[in-house]
Amino acid sequence: MVIAIDGPAGSGKSTVSKLIAKRLGLLYIDTGAMYRALTLKAMRKSIDLHDEKSLVELAKTTKIELEEKSKLHVFLDGEDVSIPIRTPEVTAEVKYIARVPGVRHEMVALQRSIGSKQGAVLEGRDIGTVVFPNADYKFYLDASPEERAKRRLEDLVELGQKANVEEVKKDITARDESDMKRSVGALKKAKDAITIDTTVLSIDEVVDKLLARICR
Ligand code: CDP
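Residues numbered from 1 in each chain as written. Predicted model: local features only at pLDDT ≥ 70, side-chain atom pairs only at ≥ 80, totals over all residues. Heavy atoms only, no water.

Draft legend 1. Structural detail: the environment of Asp 204. The residue Asp 204 is located in helix α9 (residues 203-213) in this model. In this structure the C-alpha to C-alpha distance between Asp 204 and Val 16, which are 188 residues apart in sequence, comes to 8.3 Å. (Helix = DSSP H or I, 4+ residues; strand = E, 2+ residues; numbered from the N terminus.)

Draft legend 2. Representation of the pattern of salt bridges within the structure. Counted according to the given criterion, the structure contains 15 salt bridges. As a salt-bridge pair, Glu 65 and Lys 63 come within 3.6 Å of each other at their nearest N and O atoms. We classify Glu 65 as partly exposed; its relative accessible area is 32%. Put simply, Asp 179 and Arg 182 hold a salt bridge, and the shortest N to O gap is 2.9 Å. In terms of burial, Asp 179 and Arg 182 fall into one category: buried. (Salt bridge = Lys/Arg side-chain N within 4 Å of Asp/Glu carboxyl O. Buried < 20%, exposed > 50% of the residue type's maximum accessible area, 1.4 Å probe, protein only.)

Draft legend 3. Region of interest: the environment of Met 180. Structurally, Met 180 is set in helix α8 (residues 165-181). Separated by 42 residues in the primary sequence, Met 180 and Lys 138 place their C-alpha atoms 18 Å from one another.

Structural measurements only, silent on function.
If you want it as structure tokens, here you go:
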């Protein structure tokens, strides 16, 4: 079974996807973590983020693995980068990597290969539209920009980062815009996806709504 969960930053995708995967005994695949890992490597190697050819070459020669222990761990060429991929510096630069068609081609291939081996819940921006257009279930989570900024701020505080809600709101709104406007793999609701507005819902309520739609 493949479940696709798309939506903008802070819509609740990660938390909900992890819980759904656990409840159904499926693999959880955080596709954003893959784009983040590649961005981290490009930054460390001081690759010009406008040099598409070098970015595609980087994507082709990089090993990205996800491993679930008590939390999801992201490995970049064997190194656990679960923490450094969440810094504001990486968050600000992902868009340059995510807009390159050749990079997306590599990432999508990786996501399809992991997701089709066994059942999986994949979360991202283009899962229901590009990665698994034939997914068994597709959901599009959304919430008001204010609520999404509030949630993202809580995540950042938990990671020990300093930020204020207005800054975070500005950041996620700008990121949504670039995610929606890129020419490939744009953030978009698949025609056959079920939209859930999570603004006033608790995590458990969202999980219950999704599970109610998934026939087992
Ligand atoms: O967790 P958050 O919503 O902040 O973002 P993420 O899921 O970690 O994704 C970070 C960035 O990676 C997004 O803003 C997108 O630009 C990109 N991304 C993408 O292009 N395609 C995906 N399937 C997932 C993420």
